[in-house]
Amino acid sequence: MGEAALRDEVCRVGCSLFERGYVHASAGNISVRLDDGYLITPTDASLGNLDPARLARIDAQGQQIGGDRASKTLVLHRHIYGADTAARCVIHTHATHLVALTLQGVWSVDDIVPPITPYFVMKVGHVPLIPYHRPGDAQVGELVAQRIAAMAARGTPIRAVMLDRLGPNVWHGSPAEASAVLEELEETAKLWLLCTPKPAPLDAAQIEALRQQFGAAW
């Protein structure tokens, strides 16, 4: 997909997420990796009303060369791209149920919610919690890159992390694929918060069957 088409796709996905309540106000940002740099949504821009021509254009060294002022999370996005070479799109939101989950208490540091549905295991996988830092803190990018490397070394690559009190960062090969991961993750958090009593996780045999049949990375 060429740069012009990617600009349109970022705006389409942003609008779709906004209209369906996965982002609100000016929270959240989307980036894509190009062959010679990046595109990222501007700081304080609403994902529901993006202009393809105004997306921030970043060169391979991380310097802005066009568009409106880049989101302050650019450093974090670049760390994710550096740690996972397959990633072509990163999405960050302040998804309501996921943020509520961190305020209430996550399941564990390595898995913010348990594997309660097969599609969560198949489409999302492990989602570690990253300790709270102020928005835009450059140290967060280093922590996320370290966690991506550590999970890959365990043989369980990840495509999402949760920033405590802020929201999820997800990544995949395209904006549409990254959006699907985000949606599955937010809906799983919603299910977990709604259930009383809490459901039991899928057991080891059930997860192994998902590995064997669908290649789930868990």
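What this report covers is the structure whose coordinates are included nearby. These numbers were taken from a predicted model, which means no experiment stands behind them.

Quick notes on the rules
Residues numbered from 1 in each chain as written. Predicted model: local features only at pLDDT ≥ 70, side-chain atom pairs only at ≥ 80, totals over all residues. Heavy atoms only, no water. Helix = DSSP H or I, 4+ residues; strand = E, 2+ residues; numbered from the N terminus. Rg over C-alpha atoms; globule rule 2.2 N^0.38 Å. Buried < 20%, exposed > 50% of the residue type's maximum accessible area, 1.4 Å probe, protein only. Contact = heavy atoms within 4.5 Å. Core = buried A, V, L, I, M, F, W, Y, C linked by side-chain atoms within 4.5 Å. Pairing = 2+ DSSP bridges. Axes fitted to C-alpha atoms, helices over the stretch in contact; angles between N-to-C directions. Parallel < 35°, antiparallel > 145°, perpendicular 65-115°, else oblique. Left-handed = near helix turned anticlockwise from the far one by under 90°. Nonpolar A, V, L, I, M, F, W, Y, C, P; charged D, E, K, R; others polar.

## Details of the overall build of the protein chain
Logical step 1: Scanning the protein chain for helices and strands turns up seven helices and eight strands.
Logical step 2: Here the C-alpha atoms of the protein chain give a radius of gyration of 17 Å, agreeing with the 17 Å that 2.2 N^0.38 yields for 218 residues.
Logical step 3: Referenced to the eigenvectors of the C-alpha coordinate spread, the extents of the protein chain come out at roughly 50 × 35 × 30 Å.
Logical step 4: Looking at the protein chain residue by residue over its 218 residues, the buried ones come to 49%.
Logical step 5: Long-range pairs, those at least 24 residues apart, make up 63% of the contacts in the protein chain with a sequence separation of at least 6.

## Section: the nonpolar core
Logical step 1: Counting residues in hydrophobic clusters, the biggest one holds 44 residues, and the most contacted among them are Ile-91, Ile-112, Val-127, Val-170 and Leu-185.
Logical step 2: Taken together, the elements giving at least two residues each to this core come down to α1 (3-19), β1 (29-34), β5 (89-92), α3 (96-104), α4 (118-123), β7 (160-163), α6 (175-194) and α7 (204-214).
Logical step 3: It is α6 that provides the largest number of residues to this core, a total of six residues.
Logical step 4: Those residues in contact with Val-170 that lie beyond four places of it in its chain are Cys-89, Val-90, Ile-91, Arg-159, Ala-160, Ala-178, Val-181, Leu-182 and Leu-185.

## Quick notes on unusual backbone geometry
Logical step 1: In the segment running from Thr-196 into Pro-197, the intervening peptide bond is cis, with an omega of 0°.
Logical step 2: The topology assignment puts Pro-197 in the loop between α6 and α7.
Logical step 3: Non-glycine residue Ala-25 carries a positive phi angle of around 50°.
Logical step 4: Residue position: Ala-25 is located in the loop between α1 and β1.

## Topic: the sheet that holds strand β3 (residues 56-59)
Logical step 1: The strand order across the open sheet built from eight strands is β4-β3-β2-β1-β5-β8-β7-β6, with neighbouring strands paired in mixed fashion. Two strands close off the open sheet at either side, each with one partner strand: β4 (64-66) and β6 (129-130).
Logical step 2: Pairing geometry for β6 and β7, over two bridges, is parallel. Across the sheet, Ile-130 pairs through a bridge with Leu-163, a residue of β7.
Logical step 3: Against the sheet, α6 engages β1, β5, β7 and β8 (167-172), with an angle of about 140° to β8.

## A look at the packing of α3 against α6
Logical step 1: Running from N to C, α3 and α6 point in directions that differ by 50°, and their axes come no closer than 8 Å. What the angle tells us is that α3 and α6 run oblique. The hand of the α3/α6 crossing is left-handed. Taking contact as the criterion, the partners of Thr-96, His-97, Leu-98, Ala-100, Leu-101 and Gln-104 in α3 are, on α6, Leu-185, Glu-186, Ala-189, Lys-190, Trp-192 and Leu-193.
Logical step 2: Classifying every residue of the contact of α3 with α6 by side-chain character gives seven nonpolar, three polar and two charged.

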